[in-house]
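Geometric and topological summary
Residues per chain are reported as follows:
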Amino acid sequence: MHLSYLILPSKKLNMITVGLDSIAFHFSKLYLPITTLAENRALEPEKLIKGLGLHKMSFLDVHEDVVTLASNAALKLIKQENLNPSEIHRIYVGTESGVDSSKPIGSYVVSLLESQFGEKSMEHCDVVDLTFACIGAVDALQNCLDYIRLNPGKRAIVIASDNAKYDLNSTGEYTQGAGAIALLISADPRILSFSKEVGVSTQGTFDFFKPRRHLNKETGLQLKGNPEWHGVLENDISIYKEQPVFDGQYSNQCYINRITGAYEHYKIESNQSGKLYENWVSILMHLPYCFQGRRTFIELYANENPELLASQVGESDKDKIKALVKSDDYLQLVNEKILPSEIASGQVGNIYTGSIFLGLLSTLCYHFHEQTVLASKKMGFIAYGSGSKSKVFEAEVVEGWERQIEKAPLFESLRQRTALDFVTYEKLHKKELVTSVVAPASEFYLERIEKENPVLVGARYYRFD
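The structure reproduced in this document is the subject of the present report. Because the structure is predicted, anything quoted here is derived from the model rather than measured.

Quick look at the packing of helix H12 (residues 328–348) against helix H13 (residues 355–370)
Where H12 meets H13, the closest approach of the two axes is 6 Å, and the angle between their N-to-C directions is 120°. The orientation of H12 with respect to H13, classified from their angle, is oblique. In the crossing of H12 with H13, the sense of the turn from one axis to the other is right-handed. Residues Pro340, Ser341, Ile343, Ala344, Ser345 and Val348 of H12 touch H13, and the partners they reach there are Leu358, Gly359, Ser362, Thr363, Tyr366 and His367. Across the contact of H12 with H13, the residue classes tally to six nonpolar, six polar and no charged.

Written out as structure tokens, the structure is:
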């Protein structure tokens, strides 16, 4: 009798489904047409459009930052589901664009939400930011899924909020973007139920990172050697830039290495064999640019189909993969399982931690409009973060998912944005404008940053109008 009492709770836990109950988003009202960027950078527009899948990139206005993106997405989610703030027990933020090295975005979000719902209305909500390049929000998601499995009566919000900003005239400039995706995580979810098993592959690399950089005050030159030995605090300046240090080719290889390792590890963890992707109605990947998924998944496809690779014409495996990527079988897979996730990416650009979830929302909205029957079908997630780590996992689409996706009109919202001219874009990039291009309306916005009070220098203050 005592033994059955011990076993019963675990049986109940195994019956619990946990996952995505609702989803919301927030993007800047501004975008730069890729054709405008190409024409002013002496680039061929067709190479960016047809070669990379890029059409528009979301860009932040004067009053916007990752805090406003996250807070506005969270507010939309709460209002959309008519939630009582006291029902939200966690807000976990995935980001690599934090505005402070100590104070998390999550603390700002709770404060701003309380300004709308009442003082201390979210006092007992746990918040934290998780950072691991572009995979941080996936880490936040899995942390919250485990929390709900142990506490099925509670709810959590995961927010992916990032500003992907690159130097002007750099090779990353045309992959910029900004946005936030908010996910409501609960038991008995109405959109997706996630697997407990996760495949992981990790290796410490320097493919993409945002280091502290130390400059000499007089010369402005970056210091060599150990900066601690050069009297940084007295004679030199330590700076942090939004723009990363990166090696595109190396990063791409790290991406391939990690997703390959995580994909094979997931087979072991989930006790599956054969071609995993054949079980997936959709393949959702981190998209630093629109076509990255289709260009990279070919490596997994080749590993799963060695006979197809061997049949291609070419002197090396690299040549054969180039041929395989153009094959009818692979193109059919891309059109059916990857293309729906690319639609929004081509209109928004890279949003770092949010890109895989933007791909998810894009896929669900596409199938909603196509009236596709998705219930009980599985989606495969292949996440990546530089530095570097990949995670692979699955989710099953829940019956009635359409009713929740109908509340998130992604494509319609993206059509309502304002195009930037190139001069204004460069001024925004250099932070030379003091007045917003499009004034904030019914949203949180950055009002000011404290510059005078010595005990509050750098404090960021926001309002809702």
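So, next bit.
What about helix H4 (residues 66–80)?
Helix length check: H4 (15 residues) gives 21 Å between terminal C-alpha atoms against 21 Å at 1.5 Å per residue, within 8%. Counting buried residues along H4, twelve of its 15 residues qualify, which places the element largely inside the surrounding structure. A distance of 2.9 Å separates the backbone nitrogen of valine 67 from a side-chain oxygen at the start of H4, and that oxygen is part of aspartate 65. Downstream of H4 by a residue or two, asparagine 82 has a phi angle that is positive, lying close to 55°.

Some words on empty space enclosed by the protein
Under the defined criterion, the tally for this structure stands at one cavity of 30 Å³ or more. By volume, the largest cavity is sized at about 40 Å³. Taken together, the residues that form the lining of the largest cavity break down as three nonpolar, two polar and four charged.

Cut-offs used in this document
- Residues numbered from 1 in each chain as written.
- Predicted model: local features only at pLDDT ≥ 70, side-chain atom pairs only at ≥ 80, totals over all residues.
- Heavy atoms only, no water.
- Axes fitted to C-alpha atoms, helices over the stretch in contact; angles between N-to-C directions.
- Helix = DSSP H or I, 4+ residues; strand = E, 2+ residues; numbered from the N terminus.
- Parallel < 35°, antiparallel > 145°, perpendicular 65-115°, else oblique.
- Left-handed = near helix turned anticlockwise from the far one by under 90°.
- Contact = heavy atoms within 4.5 Å.
- Nonpolar A, V, L, I, M, F, W, Y, C, P; charged D, E, K, R; others polar.
- Expected span 1.5 Å × (residues − 1).
- Buried < 20%, exposed > 50% of the residue type's maximum accessible area, 1.4 Å probe, protein only.
- Polar contact = N/O pair within 3.5 Å; in protein donor to acceptor, adjacent residues only side chain to side chain.
- 1 Å grid on protein atoms, 1.4 Å probe; cavity = no way out; pocket = protein on both sides within 12 Å on 5 of 7 lines; lining within 4 Å.
- Points joined across faces, edges and corners; volume = space filled by probe spheres on them.

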